[in-house]
Amino acid sequence: MTRYLFTPGPVPLDGRVSSVMAEPVAGHRSREFAVLLLRVQNRLRDLLRSAEPVPLIPGSGTGAMEALAVNFTGPGSKVISVSCGVFGERFREIARRCGAEVATFDIEPGRPCLPEDVLEACRIHPDADVLLLTHNETSTGVCNPLEEICRALPKERPLILVDAVSSLGVVPLYPEEWGVDALASCSQKGLMAPPGLGICWLSPRAREVLSKGRETPTVFFDLKAFLSGLEREVPSVPYTPPVTVIRALDAALDGILQEGSRKRFTARRRFARSLAAGMESMGLKLFVEQKEHRSPGVTAVEIPENRAEDVRKALSDIGLETAGGQGKLKGRIFRVGHFTREDWPEICLILGSLWAACREVGISLREPDLKNVREVYEREDVPCGKSL
Ligand code: PMP
């Protein structure tokens, strides 16, 4: 039986991405690796529309978040954390363990974090030096309006550190234009590469803070060491990186840039909106009510009678892997990831399978209204605006 991976990361790989991993491993001090590293830097810079350096940290999204926290927070620093789900909480927990004083603001799960929420938090804590935000909260399927948030903040503002783990490569993300100071992301979601890398991006302001700051308490996450390697004429890394994953990331980025990132963002949003319309036509409720804040990469749907885990198991039995609700949402919702190139056939596959899985566990739903879904699909083929 074919198994379909509809989890919000890791994601299925394109054939070319898989095949480059079979190539011989290059030594990380070789000329070949330096050329690869430079190419990946340039491709990531293209995607982010910024010429600033993009350190690649062995690990995952959490590793990249830890790298930011350990370099920019610590004993004596005051951090504002505005969270709308599990990953916002993770970021603040990392900062707390780094020794920072953390002021917390919680948005009800399913709702977005809006500019007024962040402005209010910054107004209450004018002495904070760091602000932690999540771009796409994967645990609830919310995509926060990061551009609007950053633009609403006054010039005198804390350093803005953003968890972009599930937004990079899925939605427009232009940190330099928007006024973000640092990003944490990963290889295995919207960039369609295998797991193994955390990805950071740093603004000139963030680099200045780094250069004036204390010594980083860990060697592994020392961003200054990564930056000095990237600034060399022949770029290098401070220690052995997952060379094979970097090669795969290079191939995946090539695919994204060849397709055209704007085209890709439109396709992801179109998929999400069509899938949501299909689920709603069956009588299901999307966890995020406000359509404009629904994530183009992950859809969270409520299942009647808290039966989400039963439905997920029934879906898995017929070959579709999805993700459950996290924390308090376990049983209430399940999540479908669509970070890659899912299109019309996958919409039909997911809707039909979901209808059958619900019936299997005794939940009767209306059949999906594919005619209406197709209309949404046709209508949504329009280039995205500034952010979404
Ligand atoms: N932040 C967000 C928004 C995420 O979606 C995830 C992974 N689901 C993480 C952080 C953690 O990333 P990783 O599992 O790669 O460490």
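In this text, all values refer to a predicted model and were calculated from it rather than measured experimentally. (Residues numbered from 1 in each chain as written. Predicted model: local features only at pLDDT ≥ 70, side-chain atom pairs only at ≥ 80, totals over all residues. Heavy atoms only, no water.)

1. Here we look at the side chain of Asp250
Okay, step 1: Mapped onto the elements of the fold, Asp250 is located in helix H10 (residues 243-259).
Okay, step 2: The class of Asp250 is buried, set by a relative accessible area of 7%.
Okay, step 3: Those residues in contact with Asp250, other than ones at most four positions away along the chain, are Leu36, Arg39, Val40 and Arg43. (Helix = DSSP H or I, 4+ residues; strand = E, 2+ residues; numbered from the N terminus. Buried < 20%, exposed > 50% of the residue type's maximum accessible area, 1.4 Å probe, protein only. Contact = heavy atoms within 4.5 Å.)

2. Brief notes about the site of the ligand
Okay, step 1: Contacts to the ligand come from 13 residues, most closely from Ser60, Thr62, Thr138, Asp163 and Gln188.
Okay, step 2: Thr138 has a polar side-chain atom sitting 2.4 Å from an oxygen atom of the ligand.
Okay, step 3: The contact in question runs from a nitrogen atom of the ligand to an N or O atom on the side chain of Lys189, over 2.8 Å.
Okay, step 4: Those elements giving two or more residues to the shell around the ligand turn out to be helix H3 (61-72) and helix H4 (86-97).
Okay, step 5: Here the shell around the ligand takes three residues from H3, the largest share from any one element.
Okay, step 6: A per-class count over the shell around the ligand returns three nonpolar, seven polar and three charged. (Near = heavy atom within 4 Å. Polar contact = N/O pair within 3.5 Å; in protein donor to acceptor, adjacent residues only side chain to side chain. Nonpolar A, V, L, I, M, F, W, Y, C, P; charged D, E, K, R; others polar.)

3. Overview of the packing of helix H13 (residues 344-360) against helix H14 (residues 370-379)
Okay, step 1: Close contact between H13 and H14 brings their axes to 12 Å; oriented N to C, the two are set at 145°. H13 and H14 meet at a crossing whose hand is right-handed. Note on element contacts: H14 touches H13 through Leu370, Val373, Arg374 and Tyr377, opposite Trp344, Ile347, Cys348 and Leu351.
Okay, step 2: When its residues are assigned to classes, the contact of H13 with H14 shows seven nonpolar, no polar and one charged. (Axes fitted to C-alpha atoms, helices over the stretch in contact; angles between N-to-C directions. Left-handed = near helix turned anticlockwise from the far one by under 90°.)

4. Comments concerning the state of the cysteines
Okay, step 1: Throughout the structure, instances matching the rule amount to zero disulfides.
Okay, step 2: Residue Cys113 stays outside any disulfide, its sulfur separated by 6.1 Å from that of Cys84, the closest cysteine.
Okay, step 3: Cys358 carries a free sulfur, and the closest cysteine sulfur to it, the one in Cys348, is 17 Å from it. (Disulfide = S-S within 2.5 Å.)

5. What about the sheet that holds strand S14 (residues 323-324)?
Okay, step 1: Spatially, the four strands line up as an open sheet ordered S11-S12-S15-S14, and their pairing is antiparallel. Edge strands, defined here as strands with exactly one partner in the open sheet, are strand S11 (285-286) and S14.
Okay, step 2: The pairing of S11 with strand S12 (residues 298-302) spans two bridges and is classified as antiparallel. Residue pairing in the sheet places Leu286 in a bridge with Val301 of S12.
Okay, step 3: Those strands touched by helix H11 (residues 261-281) are S11, S12 and strand S15 (333-337), and its axis lies near 10° from that of S12. (Pairing = 2+ DSSP bridges.)

6. Side note on the environment of Phe72
Okay, step 1: Positionally, Phe72 belongs in helix H3.
Okay, step 2: Considered as a pair, Phe72 and Leu161 are 89 residues apart in the sequence and their alpha carbons are 8.8 Å apart.

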